[in-house]
Amino acid sequence: MIGLIVARSKNNVIGKNGEIPWKIRGEQKQFRELTTGNVVVMGRKSYEEIGHPLPNRKNIIVSKTKNFTGENLLTVGSLQESIDISRGEKIYIAGGYGLFEEALPLVDKMYITEVDVVIDDGDVFFPEFDSNEFDVEIGETGGEDIKYTRTVYTRRK
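In what follows, the accompanying structure is described. As the structure is a computational prediction, the values presented were derived from the model and not from experiment.

Omega for the bond connecting glycine 95 with glycine 96 falls within 30 degrees of zero, at 5 degrees, which places this linkage in the cis form. For glycine 96, the position within the fold is in the loop between β6 (91-93) and α4 (97-103). Backbone geometry places asparagine 17, a non-glycine residue, at a positive phi of 55 degrees. In this fold, asparagine 17 is placed in the loop between β2 (13-15) and α1 (29-35). The exposure class of asparagine 17 is exposed, given its relative accessible area of 63%. Residues other than glycine seldom take positive phi values, yet asparagine 72 does so here, at roughly 55 degrees. With respect to the helices and strands, asparagine 72 occurs in the loop between β4 (58-62) and β5 (73-76).

In structure tokens form, the structure reads like this:
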């Protein structure tokens, strides 16, 4: 199973100045629940923003310019290489834009947290995709000051 997990604003922003442009208590709970014990694939910039391997999961960093190694941490040169070495495991693509764009035709499921905010000066956006290729399931809504809704897109066979 290849999944993609992201939070995006109402105007499709996923990043601003190298960071996620909101802090919402509890919003990252789903990310932890889905990815713990599985494989998380992210680009170099996303990894550098976090600054360390995510615990209790295999971290694969896609980079052509830097090499990261450590416990449950390795670097590969392409998204396809990360998929090839993770066969039989649940894989979650966690950003950034370039990996999301490349992964869109490959994903079985997308876990998209729709954040009820408009980020006027965002500089990284989630790639466009054809929602007709997916069955959509609207999940829970949460958040206090800023609301969010969890949405699961499952690719139609």
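What follows deals with the layout of surface pockets. By volume, the largest pocket amounts to about 1200 Å³. Of the residues that constitute the lining of the largest pocket, the class distribution is 19 nonpolar, 11 polar and 11 charged.

Examined against the element boundaries, valine 118 turns out to sit in the loop between β7 (109-115) and β8 (124-125). Along the backbone, valine 118 and serine 9 are 109 residues apart, and their C-alpha atoms lie at a distance of 5.8 Å. Aside from chain neighbours lying at most four places away, what touches valine 118 is Lys10 and Asn11.

Here is what the cut-offs are and how they apply
- Residues numbered from 1 in each chain as written.
- Predicted model: local features only at pLDDT ≥ 70, side-chain atom pairs only at ≥ 80, totals over all residues.
- Heavy atoms only, no water.
- Helix = DSSP H or I, 4+ residues; strand = E, 2+ residues; numbered from the N terminus.
- Buried < 20%, exposed > 50% of the residue type's maximum accessible area, 1.4 Å probe, protein only.
- 1 Å grid on protein atoms, 1.4 Å probe; cavity = no way out; pocket = protein on both sides within 12 Å on 5 of 7 lines; lining within 4 Å.
- Points joined across faces, edges and corners; volume = space filled by probe spheres on them.
- Nonpolar A, V, L, I, M, F, W, Y, C, P; charged D, E, K, R; others polar.
- Contact = heavy atoms within 4.5 Å.

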